[in-house]
Structure formats: C-alpha cells, structure tokens
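Remarks on the overall topology
The residues making up each chain are set out below.
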Amino acid sequence: MQLSPLSAIALVFLSAIFSGTVIFALYAIVGPLSPDSGVGAPDWTPPALTVVELSAPKLASADVESLSRPIFSKNRKPLRKTDSASAWAANLSNAPTDLIVTAIVRHKKAAQAFLFSAGSPQGAWRKVGDAVDAWTVASITSAEVILQSGVQSAKVKLYKPPLAPHETQH
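I will try to describe carefully the structure that is included in this document. (Residues numbered from 1 in each chain as written. Predicted model: local features only at pLDDT ≥ 70, side-chain atom pairs only at ≥ 80, totals over all residues. Heavy atoms only, no water.)

We now examine the packing of aromatic side chains. In this structure the tally under the stated criterion is two aromatic pairs. Aromatic side chains Phe 114 and Phe 116 sit 5.3 Å apart centroid to centroid with 80° between the ring planes, which places their arrangement in the edge-to-face category. Ring centres of Phe 114 and Trp 125 lie 5.2 Å apart, and the angle between their planes is 65°; on these two criteria the pair is classed as edge-to-face. Here Trp 125 lies in strand β3 (residues 124-127) and Phe 114 lies in strand β2 (residues 110-116), a separation of eleven residues in the sequence. Residue Phe 114 is classed as buried on the basis of its relative accessible area of 18%. Look at Trp 125 and you get partly exposed, because its relative accessible area is 40%. An aromatic cluster of at least three residues, connected via ring pairs, comprises Phe 114, Phe 116 and Trp 125. (Phe/Tyr/Trp six-rings, centres within 6.5 Å; stacked < 30°, edge-to-face > 60°. Helix = DSSP H or I, 4+ residues; strand = E, 2+ residues; numbered from the N terminus. Buried < 20%, exposed > 50% of the residue type's maximum accessible area, 1.4 Å probe, protein only.)

In this section: the nonpolar core. Grouped together as the largest cluster of nonpolar side chains are 16 residues, with contacts concentrated most on Val 101, Ile 104, Leu 115, Val 137, Val 145 and Leu 147. When residues of this core are traced back to their parent elements, those giving at least two are β1 (100-107), β2, β5 (135-140), β6 (144-149) and β7 (152-157). The contacts of Ile 104, once residues within four sequence positions are left out, are Gln 112, Ala 113, Ile 140, Thr 141, Ser 142, Ala 143, Glu 144, Val 145 and Leu 158. (Core = buried A, V, L, I, M, F, W, Y, C linked by side-chain atoms within 4.5 Å. Contact = heavy atoms within 4.5 Å.)

Nonpolar side chains collect at one region of the surface, where Phe 13, Leu 14 and Ile 17 lie side by side and expose about 320 Å² of accessible area between them. Residue position: Leu 14 is located in helix α1 (residues 5-30). Relative accessible area serves as the criterion here: at 54%, Leu 14 is assigned to the exposed category. (Patch = residues over 30% accessible without salt bridge, like charges linked within 9 Å, V, L, I, M, F, W, Y side chains within 5 Å. Areas by Shrake-Rupley, 256 points an atom, 1.4 Å probe, with all protein chains shown as cover. Salt bridge = Lys/Arg side-chain N within 4 Å of Asp/Glu carboxyl O.)

The four strands lie next to each other as β4-β5-β6-β7, forming an open sheet whose pairing is antiparallel. Each edge of the open sheet is held by one strand with a lone partner, namely β4 (131-132) and β7. Note that β4 and β5 share two bridges and pair antiparallel. In the sheet register, Ala 131 faces β5, and the bridge partner there is Thr 136. (Pairing = 2+ DSSP bridges.)

Within a sheet, neighbouring strands are paired by backbone hydrogen bonds and run either parallel or antiparallel to one another. Strand order in the open sheet made by the three strands is β1-β2-β3, with antiparallel pairing throughout. The sheet is open, and its two edges are formed by β1 and β3, each paired on a single side. Adjacent strand axes in the sheet meet at a mean angle of 30°, parallel and antiparallel pairs treated alike. Across seven bridges, the pairing between β1 and β2 is antiparallel. Looking at β2, one finds that Ile 100 is bridged to Phe 116. (Axes fitted to C-alpha atoms, helices over the stretch in contact; angles between N-to-C directions.)

Encoded structure:
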C-alpha cells in the first residue's frame, strides 16, 4: 500500500501534534524535572494599614437641609416659607405630643400613614378611621395626618418646617 504525498504530510503533521500533546500532559502532571528550573512564588507580605482617627458621624436628625424637604415629592423643594416653626407648633398645640408620622403612602384614593405613638412604640400603618391612642384618624393628606378626638382635631405633619438661620443648632 502506497501513501500519496498529501496523505504522508497529513500523517506527519498529526503525529507531531499528538507527540506535543503527550509531552505537554506529562509536563503538567510531573512538573519540571529539576527544582531549580521552576519559577517559585515571590515572597508576599500584606500592605500595612494606617489607622486614621475619624470624627463621630453626624446624626441624621442634625441634617436640617435634608429633613426640611419632602422625600417623595417630585421636585423636592422646601416647604413654603409661610409655614414657620411657631405656626407649626401652634397647629400641634392640642395634638398628642408623642405621635410621630414617619411615612405617608397614597395609592389611587386610599392613603395610609406609618405612625409611632405611646400605644404603638414599634409603629403601625394606619388608615382613615383607625384609632391611635385616644384619637381617630380623620384624614390623611400628602403631608399630614388629621386626627379627631370628640370635637377636637389636630394636625400632625410629616415634615417639620425648615428652621430659620438663627434657630439652627451646630
């Protein structure tokens, strides 16, 4: 049987590839034959960390600028200047002093407010008609909860008005 020159070249080429593959596999399994021929891993030490003294973080309640703007408002503009801190306090004069509104959610015509009070220190979602301590939720707007207790009514706002520059604390 006689091979054509093209078949002989293909056979030599395939045998060379097979031989190279076998040599590579043996080298990968056995490794270098002499201990000096391999490249060792360089000595590595972790970088030293420097300790930096940081000042105490600023309390979130001290960030008057962020707290004076409605979070969920499209334009995040500050509340109207006509709402002063004294007018805000006057509106709350007959409201329960321990009641805090932390969130108001409106969906279609329904609204709910997340309220913290003495009777619910862990907080709870309330809707119109729900009782909060001795008060009843009369209505919920986008920025306040209106409570009723008999003939008395009180507004508890979600956001306090911004403080005047002379009222800010540092």
